[in-house]
Amino acid sequence: MARPRNIKISFIKTPSPFFTFLPVSPFSSLLNKFPSLRIHMPYSSSRPRSYLFVFFLLILLSLLGLSLLRLVSVSQNPSPSFLTLLSPPPSHPPFASLSSKNHEPVVLSRSATMPLPAHPVSGNATAEEAEFWAQPDGEGYRPCLDFTIQYRKASAKISKEKQKFLMVVVLGGLNQQKIQIVDAVVIARILEAALVVPVLAVDQIWEDESEFSEIFDVDHFKRTLQADVRVVSSLPSTHLGSKPTMFRPFGSLNRGGVLILQGMYSKLSKNLPLDLQKLRCKVAFHALRFVTPIQELGNKFGRRLWIKGPYIALHLRLEKDVWVRSGCLTGLGPEHDDIIRKIRESQPQLLTDRLNMTNTQRRLAGLCPLNALQVARLIKALGAPRTAQVYRAGGEPFGGAQALQGLVKEFPNVVTKEMLAREGELSPYINRSSTMAALNYIVSLSSDVFLPSNGGNMGSAMQGHRAYVGHRKFVKPNHRGMVGFFEDASISEAEFSSIMKKMHSRHQGQPENRINKRSSSDVTTYPVPECMCRHGIRSLLRS
């Protein structure tokens, strides 16, 4: 029996468009394109002048081809990063790869999902309102996904793999699935295996039966990653009868094998070689693009808000399952708390963490989601005007309208996608929770200010994406620090506002270095410094 090969971590680089767009020999390409130019020269000593003419013609054509090659290579921008996200890309950008299907170049500077531009601060705004709507200083950071030469060399072989295949089944809601898909691409790269388009499992909570192709643009996913990993829609017929390897170490995938992974959330290390970190960003911010109908509908909703002025997006996690899993009280009174307690007691496996803590201990430790009243107090303290548009992302809150009273009382202009939609626009997506989550994501990305009531996958994904597209304002609530002040009735509103502003002054979307965070911090949440760099320090990052 053949011994399995040692799997080595590869370092990848997007192939240069020099090799993508031009053949090796311009003269041979010219002959292949125009057969009538092919010259047949049987040996004869009677016509030396004609041979001399042909000889000089060949020399001239070769020199012309070399000149064209030199011109194209010089005209290419040598840096694969795009320095400004909103400027039009060059005609032959360095971050292009050619699709074998439709021969259209995929340009990373154009493939990232971009938000609508942030509104300039109005001259009529008060100083406090101007401070609230002002965007953080991005400190000159821009995406820089330039891979190493070793990575590029390995890509030539890995991107053509036809013997080893990785199949993955991803679980959970939309944003949890996206994290697993990012991991799947990286694992396929490490294994030097082709990736079968991931299978989206039906979650017991979300109950969405959508397939990958109904949420994400499959062709765009394949094209964007074609220089990194070969992505196929299904296993080839030659592998359908093979016995798959399941849940074993990566090294056990032999030539001609199939590996199936399921439930791999957070199983891949967050501290990977630099090229693989860049690959994570490439998947998260470029390859995973929503299908056109979803993207266009989300853009419509965002524009309907944006045209009226700046808006806040709040991701309020107030659904029943959130209260069951968190082990916290709802703040809606004994009747609602008793309902949650009974569900938790009948299904103790739903409680996700810190099983030995009481709900009071959880609250004081900052482990509970903010309720609607607390969110309203926070954004009011940070300077949000009462007239501000507020987009509420998230599912149906447990307790219905009662759960939102504290927010609506302070900010009456609260809207949802259902309120923004016109007749029939949401009809195709009834009972499609992943699509609804995607629409929330698109509208939230374009908001001038984003705030999550709890941590979680949506908050982490939005934090990283807003940083990647220019460090849009992202308020990260300090749950533990705020608890005591929420419950202290002796503090005036002015004092409370001053405390909240000071507490959150460095948590509003400014660049945060992942290296300084916990080892479990994901580069798709903190893209600095692996995926974003300042102009002029790229050489330092490479070292």
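Above this note sits the structure.
Model, not experiment: these values are computed from the prediction. (Residues numbered from 1 in each chain as written. Predicted model: local features only at pLDDT ≥ 70, side-chain atom pairs only at ≥ 80, totals over all residues. Heavy atoms only, no water.)

Attention now moves to the state of the cysteines. Note on terminology: disulfide describes a covalent bond linking the sulfur atoms of two cysteines. For the coordinates displayed, the defined rule picks out three disulfides. A sulfur-sulfur distance of 2.3 Å marks the disulfide that ties cysteine 144 to cysteine 533. Residue cysteine 144 is located in the loop between strand E3 (141-143) and helix H6 (149-158), and its partner cysteine 533 is located in strand E15 (residues 532-534); the two are separated by 389 residues in the primary sequence. Cysteine 533 sits in the buried class, given a relative accessible area of 3%. Linked covalently through their sulfurs, cysteine 281 and cysteine 531 form a disulfide whose S-S length is 2.0 Å. In this structure the cystine formed by cysteine 281 and cysteine 531 twists about its S-S bond by roughly 90 degrees; its chirality is therefore right-handed. In this pair, cysteine 281 is assigned in helix H10 (residues 274-287) and cysteine 531 in the loop between helix H21 (493-503) and E15, connecting sequence segments 250 residues apart. Across this residue pair, the class does not change: cysteine 281 and cysteine 531 are buried. Bonded cysteines in the chain are paired 1-6, 2-5, 3-4 when counted in the order they occur along the chain. (Disulfide = S-S within 2.5 Å. Helix = DSSP H or I, 4+ residues; strand = E, 2+ residues; numbered from the N terminus. Buried < 20%, exposed > 50% of the residue type's maximum accessible area, 1.4 Å probe, protein only.)

For the structure shown, the criterion picks out 22 salt bridges. For lysine 417, the salt bridge is made with glutamate 418, and the minimal N-O distance between the two is 3.7 Å. Overlapping salt bridges, with partners in common, bring together Asp183, Lys270, Arg280 and Asp522 in one network. (Salt bridge = Lys/Arg side-chain N within 4 Å of Asp/Glu carboxyl O.)

We now examine the pairing of strand E9 (residues 258-262). The element E9 is largely enclosed, with a buried count of four among its five residues. When strand E4 (residues 165-170) meets E9, the two strands line up parallel, connected through five bridges. For methionine 167, the partnering residue across the bridge sits in E9 and is isoleucine 260. (Pairing = 2+ DSSP bridges.)

The subject of this paragraph is the sheet that holds strand E11 (residues 389-393). Sheet strands associate in pairs through backbone hydrogen bonding, adopting either a parallel or an antiparallel arrangement. Here five strands make up an open sheet; going across it, the order is E12-E11-E10-E13-E14 and the pairing parallel. Both outer strands of the open sheet, strand E12 (414-415) and strand E14 (473-474), are each paired with one neighbouring strand and no more. Inspection of the sheet shows strand E10 (residues 311-315) paired to E11 by five bridges, in the parallel sense. Bridge assignment links tyrosine 311 to a residue of E11, and that residue is glutamine 389.

Let us look at the packing of helix H18 (residues 433-445) against helix H19 (residues 457-468). For the pair H18 and H19, the least separation of the axes is 11 Å and the interaxial angle reads 40 degrees. One way to sum up the angle between H18 and H19 is to call them oblique. For the pair H18 and H19, the sense of crossing is right-handed. Taking contact as the criterion, the partners of Asn440, Tyr441, Ser444 and Leu445 in H18 are, on H19, Met458, Ala461, Met462, His465 and Arg466. (Axes fitted to C-alpha atoms, helices over the stretch in contact; angles between N-to-C directions. Parallel < 35°, antiparallel > 145°, perpendicular 65-115°, else oblique. Left-handed = near helix turned anticlockwise from the far one by under 90°. Contact = heavy atoms within 4.5 Å.)

Turning next to the packing of aromatic side chains. Counted according to the given criterion, the structure contains nine aromatic pairs. Ring geometry for phenylalanine 132 versus tryptophan 133: centroids 5.1 Å apart, planes at 75 degrees, classification edge-to-face. With relative accessibility at 1%, the residue phenylalanine 132 sits in the buried group. Judged by relative accessible area, which is 9%, tryptophan 133 ranks as buried. Ring pairs connect the aromatic residues Phe212, Phe216, Phe221, Phe290 and Tyr441, which therefore count as one cluster. The ring of phenylalanine 496 carries arginine 377 above its face, with NZ or CZ at 4.3 Å from the centroid. Over the face of the ring belonging to phenylalanine 132 we find lysine 473, whose NZ or CZ atom lies 5.4 Å from the ring centre. (Phe/Tyr/Trp six-rings, centres within 6.5 Å; stacked < 30°, edge-to-face > 60°. Lys NZ or Arg CZ within 6 Å of the ring centre and 35° of its normal.)

Residue valine 528 is joined to proline 529 through a cis peptide bond whose omega torsion reads 5 degrees. Positionally, proline 529 belongs in the loop between H21 and E15. Phi is positive for asparagine 431, which is not a glycine, with a value near 65 degrees. Topologically, asparagine 431 is positioned in the loop between helix H17 (417-420) and H18. By relative accessible area, which is 68% here, asparagine 431 ends up exposed. Even without being a glycine, histidine 471 presents a positive backbone phi close to 55 degrees. With respect to the helices and strands, histidine 471 occurs in the loop between H19 and E14.

For the rest of this paragraph, the subject is the environment of alanine 125. Counting through the fold element by element, alanine 125 comes out in the loop between helix H4 (108-111) and helix H5 (127-133). With relative accessibility at 22%, the residue alanine 125 sits in the partly exposed group.

As a further point, take helix H9 (residues 218-225). Residue pairs three or four apart in sequence face the same way in an α-helix, which turns once every 3.6 residues. Across the eight residues that make up H9, a large majority, six, are buried. At the N-terminal boundary of H9, the capping side chain belongs to aspartate 217, with an oxygen 3.3 Å from the backbone nitrogen of aspartate 219. (Polar contact = N/O pair within 3.5 Å; in protein donor to acceptor, adjacent residues only side chain to side chain.)

A few words on the packing of helix H7 (residues 174-191) against H10. Put simply, H7 and H10 touch, their axes get as near as 9 Å, and they point 140 degrees apart. With respect to H10, the axis of H7 lies oblique. Like other packed secondary-structure pairs, H7 and H10 cross with a definite hand, here right-handed. Contact residues: H7 offers Val182, Asp183, Val185, Val186, Arg189 and Ile190, while H10 offers Leu276, Leu279, Arg280, Val283 and Ala284. The residue makeup of the contact of H7 with H10, split by class, is eight nonpolar, no polar and three charged. (Nonpolar A, V, L, I, M, F, W, Y, C, P; charged D, E, K, R; others polar.)

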